[in-house]
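What the coordinates show
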Amino acid sequence: MIRAIGFDLDETLLYRSASLLRFIRHQHAEHHLAQKGVSLQEWCDRFIEWDRSGYVGKDVVYSRLIDHFHLNEYTVDVLWNEYRNHFHRFCIAMPHARHILHRLKTNEMRLALVTNGETVFQKKNAEALGILPLFDAVFVSEEEGRKKPDPELFIQAARRMGVPPEFCLFVGDHPVNDIQGAAAAGMQTAWLKGLSLWPQHLTPPTVTLQSLLDLLPLLEKRKNAFETTA
Ligand SMILES: [Mg+2]
């Protein structure tokens, strides 16, 4: 029986790809980059390509953008600080994320957020979505000094939720960082399937979710389990 659920943030609860597009379009407009010969399409395409779904540091991304578009009057720090300070204003939740978290919380499920990234940045993004107060525990890799897929991070999350790992479910979109990491910690796993297929060489997740709504049947099972043991 599942008694606690851990969640990844980017592309699981936070619709990062859509949020990023909103932010970089804003940055393009804010600096009148079209008037400096940078087409909006090209700016977005290059950013998204070089950002590699957030797995490349923004210092590297902005440095490449400045070189590529000959934006010599800009420094990496100026653009990167804008990203750090304003990205949260453009954050959009994944479909059904808030609804699901509220339902889980109402049903007394213990909840944890476990994300890689910079502490202040990631917490601000979760806060902007209005979901931060719903978690019993929040783990951000920078603050913890270890990052997913390190199983120890998942074990600590389980401990903080007061539930043994085998009664925890971890929900995430990344096959290795989320699913392999949580499985190595002894958790059950739910892979939120995007457009990609499950990598054949990896052990499959416990369940595959087409959308976060697929978590709701777990609540029903939990309710039934309560009823049968009452
Ligand atoms: Mg993710």
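By the naming in an unreviewed UniProt entry, the protein is Hydrolase of the HAD superfamily, taken from Desmospora profundinema. Quoted straight from UniProt, the Cofactor (unreviewed entry) entry for the protein says "Mg(2+)".

So, on to the sheet that holds strand 3 (residues 137–140). The strand order across the open sheet built from 6 strands is 3-2-1-4-5-6, with neighbouring strands paired in parallel fashion. The sheet is open, and its two edges are formed by strand 3 and strand 6 (207–209), each paired on a single side. Direction aside, neighbouring strands of the sheet carry axes that sit 20° apart on average. In this structure, strand 1 (residues 4–7) lies alongside strand 2 (residues 110–115), joined through 4 bridges in parallel fashion. Looking across to strand 2, one finds that Ile5 is bridged to Leu111.

By the secondary structure assignment, Leu209 is in strand 6. Its relative accessible area of 3% is what places Leu209 among the buried residues. Leu209 has contacts with Val171, Ala190, Trp191, Leu192, Lys193, Asp214 and Leu215, leaving out every residue within four places of it along the chain.

Let us now look at the nonpolar core. Core analysis: the biggest nonpolar cluster contains 56 residues, and Phe7, Leu13 and Leu212 have the highest contact counts within it. For this core, the domains that each give at least three residues are domain 1 (4–15 + 92–229) and domain 2 (16–90). Residues Ala112, Ala137, Phe139 and Leu153 belong to the second largest nonpolar core, which totals 16 residues.

Rules and cut-offs
Residues numbered from 1 in each chain as written. Predicted model: local features only at pLDDT ≥ 70, side-chain atom pairs only at ≥ 80, totals over all residues. Heavy atoms only, no water. UniProt positions renumbered as here; feature names shortened; annotations may be inferred. Pairing = 2+ DSSP bridges. Helix = DSSP H or I, 4+ residues; strand = E, 2+ residues; numbered from the N terminus. Axes fitted to C-alpha atoms, helices over the stretch in contact; angles between N-to-C directions. Buried < 20%, exposed > 50% of the residue type's maximum accessible area, 1.4 Å probe, protein only. Contact = heavy atoms within 4.5 Å. Core = buried A, V, L, I, M, F, W, Y, C linked by side-chain atoms within 4.5 Å. Domains from an automatic or database assignment.

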